[in-house]
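So the chains spell out like this:
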Amino acid sequence: MFTEPAPAKLNLALHVRQRREDGYHSLETLFAFVADGDTVALDDTASGCAIAGPFAGALDGDGDNLVPRAAARFAETFGIPHGGGITLTKCLPVASGLGGGSADAAATLRLLARRHGIALDDPRLFDCADRLGSDVPACLYSRTALGSGRGESLTPIAGAAGTPVLLVNPRVAVATAPVFAGWDGQDRGPLPDGDLLTIARDGRNDLEAPAKAIAPVIGDVLDLLNSRSGVMVARMSGSGATCFALFADAHDRAAAAAAVRRSHPNWWCLETVLL
Ligand code: C5P
């Protein structure tokens, strides 16, 4: 049995620059990853794709699951017939801005690459990732990086590993395409210069406004996070609805988590750290 973690992705900043002819948007983003997420496991003696974990129900019978698509693309690209069964353990909320499906697809590619002795920097693996979705290349490496283009053009940047993070999702699934479609077309400028925490602090997420128009509760999550002491930055990730707060101190994070759980017991709330 081979297992592979699929860490949750955060966009510490996401600046949308331009609508493209192909329907995608040119953007500049700062990708980071946290120490929690889904996992995928390969069992050579089984077949098919099984889904387990607290958010398994959200994917049941749906075409959203990128794991079998990643396995099929890997098999086709490398000419290795797909054998074995894959179990996806879904710990992250679905359609939540944490790149769950992209991270699962990327972890599937890493898992199969390890199983078949293919180097993780093989350009064919990147190509598989790129065709599966805009965030899948970033998730393939799961390291802090600046992303441009659709998000697939990556430049590594030094991380801030261990920084305390609180993730809060108001249990509203938000589809990506309608949020991008609601962007007002205003280019508000590039990512700021500086190290990871400076870019996070001085940056924006240009998808916050269109996501809030679809799910106004995102504004409540951000107001609550911004009201807590010790918050360095609170922002929505990706196309939402999950919001993150970065803290200088784990005690402030714990106090904020307790306040969220007390006031909104139905919201999903996770204390974690940057990788
Ligand atoms: O690439 P992916 O399939 O994950 O993108 C999902 C949708 O999000 C796209 O169909 C598009 O509507 C939107 N998108 C975008 N610009 C990007 C990335 C995604 O408009 N850079």
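Keep in mind it's a predicted model, so treat the numbers as computed, not measured. Position numbers for residues start from 1 in each chain and track the written sequence from start to end. Thresholds applied to this predicted model are a pLDDT of at least 70 for local features of residues and 80 or more for the giving and counting of side-chain atom pairs; totals over whole chains, interfaces and linings are not thresholded and use all residues. With hydrogens and water set aside, each side-chain value is computed from the structure's full complement of heavy atoms.

K.L.:
Looking at this structure, I do not really get the pairing of strand β5 (residues 145-148). What am I missing?
P.N.:
Remember that side chains alternate between the two faces of the sheet whenever the strand is regular. The cut-offs for exposure are 20% and 50% of the maximum accessible area for each residue type, with area from a 1.4 Å probe on protein chains only; residues under the lower value are buried, those over the upper are exposed, and the others partly exposed. In DSSP terms, a helix is any run of H or I states spanning at least four residues, a strand is any run of E spanning at least two, and both are numbered starting from the N terminus. Side-chain alternation along β5 places A145 and G147 on a buried face and L146 and S148 on a face that remains uncovered. By the bridge criterion, three bridges tie strand β2 (residues 25-43) to β5 in an arrangement that is antiparallel. Looking at the pairing, L30 lines up with L146 of β5. By the convention used here, strands pair only if DSSP detects at least 2 bridges between them. Direction of pairing for β5 relative to strand β6 (residues 153-156): antiparallel, over a ladder of four bridges. Residue pairing across strands places G147 opposite L154, the latter belonging to β6. What sits between β5 and β6 in their antiparallel hairpin is a turn of four residues, with G149 showing a positive phi close to 70°.

K.L.:
Explain helix α9 (residues 250-263) to me, please; I cannot follow it from the model alone.
P.N.:
In an α-helix there are 3.6 residues to a turn, and that puts residues three or four apart on one side. Under the 1.5 Å per step criterion, the end-to-end length of α9 is 20 Å for 14 residues, consistent within 8% with the ideal 20 Å. By the burial criterion, the buried members of α9 are R253, A256, A257, A259 and V260. The buried residues of α9 occupy an angular sector of 160° when the element is viewed end-on, so they sit on one face. Facing away from the buried side of α9 by more than 90 degrees, the exposed set consists of H251 and R262. The contact rule is simple, with two residues in contact once any of their heavy atoms fall within 4.5 Å. Contacts made by the buried residues of α9 are with β7 (164-169), α8 (217-226), β9 (243-247) and β10 (268-273). Distance and chemistry together define a polar contact, namely a pair of N or O atoms within 3.5 Å, with one atom able to donate a hydrogen and the other to accept it when in protein, and with adjacent residues in sequence counting only for side-chain atoms on both sides. With a side-chain oxygen lying 2.6 Å from the backbone nitrogen of H251, the N-terminal cap of α9 falls on D249. Expected span, for any helix, means 1.5 Å times one less than how many residues it has. This arc corresponds to the set of directions leading from the helix axis out to the C-beta atoms.

K.L.:
What am I meant to see in the packing of aromatic side chains here?
P.N.:
The way to describe two aromatic rings as a pair is by their centre distance and the angle between their planes. Within 6.5 Å between ring centres, the rings of Phe, Tyr and Trp (the latter by its six-membered ring) count as paired, and their orientation is classed by plane angle as stacked under 30 degrees, edge-to-face over 60, tilted in between. Applying the stated criterion to the full structure yields two aromatic pairs. Relative to W268, the ring of F55 has its centre 6.5 Å away and its plane inclined at 80°; by these criteria the two rings are edge-to-face. Of the two residues, F55 sits in the loop between β3 (48-52) and α1 (66-78) while W268 sits in strand β10, which places them 213 residues apart along the sequence. When its relative accessible area of 14% is taken as the criterion, F55 is described as buried. Both rings, one in F74 and one in F78, keep their centres 4.7 Å apart while their planes meet at 35°; by these two values the pair is tilted. Taken as a pair, F74 and F78 lie in helix α1 at a separation of four residues, close to a single helical turn. Each member of the pair, F74 as well as F78, is classed as buried. It is R150 that lies over the ring of Y24; its NZ or CZ is 5.0 Å from the centre. We call a charge positioned over a ring when the NZ of a Lys or the CZ of an Arg lies within 6 Å of the ring centre and within 35 degrees of the ring normal.

K.L.:
Would you mind showing me how to read the sheet that holds strand β8 (residues 231-236) here?
P.N.:
Where strands meet in a sheet, backbone hydrogen bonds hold them as pairs that are either parallel or antiparallel. Here we have four strands laid out as an open sheet, ordered β8-β9-β7-β10, and antiparallel in their pairing. Looking at strand neighbours, the two that pair on one side only are β8 and β10, the edges of this open sheet. Each neighbouring strand pair of the sheet contributes to a mean axis angle of 15°, computed without reference to strand direction. Pairing analysis gives six bridges linking β7 to β10, with the strands arranged antiparallel. Across the sheet, the residue bridging to V165 is T272, located in β10. Under this scheme, a helix contributes an axis fitted over its contacting stretch, all axes are lines through C-alpha atoms, and angles between N-to-C directions fall in the 0 to 180 degree range. In this fold α8 packs onto β7, β8 and β9, with an angle of close to 175° to the strand it touches most, β8.

In short, the description is geometric, and any link to function would need to be established separately.
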